[in-house]
Amino acid sequence: MRNIVVSVVIPVRNEERFISECLDSLLKQTYPKDQMEWIIVDGKSDDSTWEVLESYRSLNPELIILASNPQKTAPCAMNIGIDASRGKYIVRLDAHAEYPTDYIEKCVHYLETDDADNVGGLAITRGKTPLGETIAKMLSSPFGVGNSQFRIGGKSGYVDTVPFGAFKREVFETLGGYNERLVRNQDNEMNHRIRSNGGKIYLASDINFTYYCRDTLKGIIRMAFDNGKWNVLTSKIVPGTMGWRHFVPLVFVFSLVFLIIASFPLPAARLVLALELVAYILCDVYFSKKAASGIKDFFVLLGLHPLFHISYGLGSMVGLIKAPFF
């Protein structure tokens, strides 16, 4: 019987565009394959994802384990994978990403030499289309996403959350699995639970991976709206999980709505609204120019920032409406 040290768990659903590159990058890992198992949990994909997974399993039958997730959500997939796992360490990966050859080796190194309960690295966001590459620049900017350290190239140290994560098994044995009510933010909630119980989350800047973002306007608007909504709902379900930065777009959109309404009877409100818009536009111009690779890129970023922020804020406002009944 193999000595399994690392259990890799990957939730997937309709990932035919990304899953091959993800698995190919894992096949090149320097960590010994005879000490790993990869548990890939499929949420009833209706594209060719399952067929692709079967082809990889047929070539690596001792390494790859496939499981089905009838509930289709990521936290349910993770709990299915964790329950089926045997490793001392559990590494949660995403199919939308590619991993350098030493990714798992470095995660295990930090878990064995640091007192952290969860270790993660930096996300290098990329797109698969020209628009996707521009969206990736927005998602890597402090103006676009705030002070999320793993997105903007933060330094090594203890943080509030990391993407995905490599965990000591005792985390789940002691604190339980992922919260299955959270369609989104389940990683934030798990890390919040770890910190609330005296544990530590470590961001290692020498660990990184390439993450492929949404590459259409519809996709990024939907992502922003859903994230905004679930930030509020997550805070209702598990208070304290989300940080203040997650609600900046809500404050921004609410202030615009309030000031626009107030500006009719109050001249002072018009001045405040004008100042806020000027400040936002100046920031938009500065960060768009800083990130852009050309004039076209600049103007696309100039429009993407407010589109993303307003969609995010509107999602949070819908979350506020739904929260009392959730």
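Everything below is about the structure shown above.
It should be emphasised that the depicted structure is a prediction, and the values quoted were computed from it without experimental measurement.

**As for the side chain of Ser-45**
On the secondary structure map, Ser-45 appears in the loop between β2 (36–42) and α2 (49–59). Its relative accessible area of 16% is what places Ser-45 among the buried residues. A distance of 2.7 Å separates a polar side-chain atom of Ser-45 from the backbone nitrogen of Asn-14. For Ser-45, the contacting residues outside a window of four places in its chain are Val-12, Arg-13 and Asn-14.

**Side note on the pattern of salt bridges**
With the rule as written, the count across this model stands at 15 salt bridges. Two residues, Arg-86 and Glu-37, come together in a salt bridge whose shortest N-O distance is 3.2 Å. Taken as a pair, Arg-86 in the loop between α3 (74–84) and β4 (89–92) and Glu-37 in strand β2 lie far apart in primary sequence, 49 residues in all. What makes Arg-86 partly exposed here is its relative accessible area of 40%.

**Let's talk about the packing of helix α10 (residues 248–262) against helix α12 (residues 295–322)**
Relative orientation of the contacting elements α10 and α12 amounts to 90 degrees, with a least axis distance of 7 Å. Here α10 lies roughly perpendicular to α12, going by the angle between them. Across the interface between the two elements, Pro-249, Leu-250, Phe-252 and Val-253 of α10 pack against His-309, Ile-310, Tyr-312, Gly-313, Leu-314, Ser-316, Met-317 and Leu-320 of α12. Grouping the constituent residues of the contact of α10 with α12 by class yields 9 nonpolar, 3 polar and no charged.

**So, the environment of Lys-290**
Tracing the chain through its elements places Lys-290 in helix α11 (residues 267–291). Classification of Lys-290 as exposed rests on a relative accessible area of 60%. For the pair Lys-290 and Ser-141, spaced 149 residues apart in the sequence, the C-alpha separation amounts to 9.5 Å.

Reading the values: the criteria
- Residues numbered from 1 in each chain as written.
- Predicted model: local features only at pLDDT ≥ 70, side-chain atom pairs only at ≥ 80, totals over all residues.
- Heavy atoms only, no water.
- Helix = DSSP H or I, 4+ residues; strand = E, 2+ residues; numbered from the N terminus.
- Buried < 20%, exposed > 50% of the residue type's maximum accessible area, 1.4 Å probe, protein only.
- Polar contact = N/O pair within 3.5 Å; in protein donor to acceptor, adjacent residues only side chain to side chain.
- Contact = heavy atoms within 4.5 Å.
- Salt bridge = Lys/Arg side-chain N within 4 Å of Asp/Glu carboxyl O.
- Axes fitted to C-alpha atoms, helices over the stretch in contact; angles between N-to-C directions.
- Parallel < 35°, antiparallel > 145°, perpendicular 65-115°, else oblique.
- Nonpolar A, V, L, I, M, F, W, Y, C, P; charged D, E, K, R; others polar.

The values reported here are purely geometric and, on their own, carry no functional implication.
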